[in-house]
Amino acid sequence: VVVDVLRGWCLSFVIVHSLCTNVTFFVFLYLSTGHLLNKSMSVESVSGTTDVTQWMPNLYALGYSVGHYAATFYADSGNTEGNASRFLSTIQSWPLLYSQWWWDLVQTNPLHVLVETTLIVSIIYILLYRTRTDWRTTSDPLSEAEEEQLLREWKLYGRAPLTPASSQESGHVMQPPVIVHKVQGAHMVVETPVTTEESSLNTADGGSSKKEKDSLNSSSSTSSTTTRTVLNLATHDYLGLSSHPKVQKAATQALRHYGCGSCGPRGFYGTMDAHLELEETAAKWLGTEGAILYSDGASCIASTIASFAKRGDLVVVDKACGEAIQTGVSLSRAHVKYFKHNDMDDLERLLKSIQSKDAEMGRKPNAQRRFLIAEAVYQKTGTICKLDKLVALKHKYSYRLVLDETNAMGVLGPTGRGLTEACGLERQRDVEITIWALEHAAGSIGGLTQGTEQVVEHQRLSGAGYCFSASSPPFTAVVATKAIHLMIEDASKGTSSSGLMAALQRNIAAVHTRLRQLSAQQLQDVVLVTSDAASPIQVLELADWPATRSLDQGAFWAAVAQEGWQHGVAWAASEHGLRWVVTSLITDTDITQALTVLEDAIQHVLDECLPPEEEDN
């Protein structure tokens, strides 16, 4: 009994340490295996028909000998000389006892010997022969030239700051952000910063000392704000449904009925009838078997891609795809290959090279899941995907197509059902997975992924944004449902001048035509319109001239956008150019005003950035 208790303590101790080292793990296996293999023999020993030393494993037998010696020593504690001789004889008998037990066990239970020998050899190998390498030394060391370059850069630029530079260190004043107070149709009421330099006050203050003036002049400026109304050419609410009276009424009623939040993810008491109604309405509208609602448009795109593409799969992506798609591709851990933006010839070259590699490796095309990913209307460039050619290549080389129709819904197609409808293609066959964010044409919040029932149900357990994010507030689902009904109602009007989609198409055509005229005439092709004529996102870029090559596109268009803010027009600027987003709510007067402000802003920034002789050239 004492030996069993001690052995139990030993096993408990080893279990804890087996999580830390391989040696103790094998020791644990060694001890526990011996106990299990000899469990049946212990029953025989209880009946008294078997000698104890004939069946005990090595630890039991040694423990029995130690216990027998301790009991004899305690009984004859007065005889010191006899105890010493008995102790020596016991120690000498252990090797013989162990070898005898081992040989007997080979004959009676060879499986036990095989398992125990394997474990002992493993322990000896780990302790003595296995090399231990430090992961920090496995990477390729830096060459002397690389070390000198790093040291030179560190001495030249110093360490990167842990916090952003203050106003005095950076040399410019940190201005407060623009705050949107209210949206009124095509305009919005915003609070913008107005800066007044304190140094001007110091100049008028003749009583201050020179030291005080220098100190005040070097200090940051005081910022104040003003409220103004600006023309909103940065919103993607193409049809203006977020401010539609019927949509606002539906949102108010839903808030009174449901409250604000949904109190949990979709799979955990976060699904309400408003979410299910939206999914059913969207599936019926696009003609798909099902639809799944995410609480955020960007997470919908990223989670959908990551739920289907996994490690070892192949994903072929357009280089101009947006951040949400890039995030989903990164999360998927799949093999990624990029083709030139909207270049179907380059895409076919890439697909042919993959096909040739498959032939060399003897790999079947269906041995690996493969996806093509593109946007219907690219938000960065304002170009429209050549979907008909893309679908032809998809069928030719056996790929699945994931299409982001965010900027095409409510814009393209006879009834506003996106680029797939505009090209006369069939969803679920030509486009397996359709994704679109509700923040744009639907004027709400969230995202929808649509396809077959298998595509939808797979994401209910595999879509990270669906499983682990709180579901969208019910009133936003009601708003999106109402927006789809309004788009269906608007499409029934056809080309009527009163329709929202018809007004949007007229505004897109007018803006594109007048921007091209402005580029060719007043701006002398210094600025080019690079987006497609039917795109709701009109993008302006600097022409590739010797005088403009030295300019930073991002900084240039940021300055132009800032000038627009100061004169009552809001645009979105990025490193890819200036985005003019067209909506159905702007009028001809708004377009004329915006073009005038744009021309003046570009000329003003060019005058500051380019010398007169370079600008003339």
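I will try to describe carefully the structure that is included in this document. None of these values were measured; they are calculated from a predicted model.

## Quick word on the packing of aromatic side chains
Scanning the entire structure with this criterion turns up four aromatic pairs. With a centroid separation of 5.9 Å and an interplanar angle of 55 degrees, the aromatic rings of W285 and W436 are classed as tilted. With W285 in helix α13 (residues 273-286) and W436 in strand β9 (residues 433-437), the pair connects residues that are 151 residues apart, well separated along the chain. Considered together, W285 and W436 belong to a single accessibility category, that of buried residues. Arranged with centres 5.0 Å apart and planes meeting at 85 degrees, the rings of F556 and W557 form a pair that is edge-to-face. According to the relative accessible area criterion, F556 is buried, its value standing at 2%.

## Here we look at a negative patch on the surface
Together, E144, E146, E147 and E148 line one region of the surface with negative charge. Position of E147 relative to the elements: it lies in helix α8 (residues 144-157). The exposure class assigned to E147 is partly exposed, which follows from its relative accessible area of 40%.

## A short note on the layout of surface pockets
Empty space within the second largest pocket amounts to approximately 450 Å³. Considering the residues around the second largest pocket, the lining is formed by 22 residues, among which I301, G322, E323, A324 and Q379 are closest to the centre. Within the residue set of the lining of the second largest pocket, elements represented by two or more residues are α14 (297-308) and α15 (323-332). If one sorts the elements of the lining of the second largest pocket by residue count, α15 sits on top with four residues. Of the residues contributing to the lining of the second largest pocket, the split by class is seven nonpolar, nine polar and six charged. Both of domain 1 (245-493) and domain 2 (500-609) provide at least three residues apiece to the lining of the second largest pocket.

## What to know about unusual backbone geometry
With phi around 45 degrees, Y269 is a residue other than glycine that occupies positive phi space. Of note, Y269 is situated in the loop between α12 (245-258) and α13. When its relative accessible area of 67% is taken as the criterion, Y269 is described as exposed. Not every positive phi belongs to a glycine, and N342 is a case in point at roughly 60 degrees. For N342, the location among the structural elements is in the loop between β6 (335-339) and α16 (344-361).

Definitions and cut-offs
Residues numbered from 1 in each chain as written. Predicted model: local features only at pLDDT ≥ 70, side-chain atom pairs only at ≥ 80, totals over all residues. Heavy atoms only, no water. Phe/Tyr/Trp six-rings, centres within 6.5 Å; stacked < 30°, edge-to-face > 60°. Helix = DSSP H or I, 4+ residues; strand = E, 2+ residues; numbered from the N terminus. Buried < 20%, exposed > 50% of the residue type's maximum accessible area, 1.4 Å probe, protein only. Patch = residues over 30% accessible without salt bridge, like charges linked within 9 Å, V, L, I, M, F, W, Y side chains within 5 Å. Areas by Shrake-Rupley, 256 points an atom, 1.4 Å probe, with all protein chains shown as cover. Salt bridge = Lys/Arg side-chain N within 4 Å of Asp/Glu carboxyl O. Lys, Arg positive; Asp, Glu negative; His and termini not counted. Charge placed at Lys NZ, Arg CZ, Asp CG, Glu CD. 1 Å grid on protein atoms, 1.4 Å probe; cavity = no way out; pocket = protein on both sides within 12 Å on 5 of 7 lines; lining within 4 Å. Points joined across faces, edges and corners; volume = space filled by probe spheres on them. Nonpolar A, V, L, I, M, F, W, Y, C, P; charged D, E, K, R; others polar. Domains from an automatic or database assignment.

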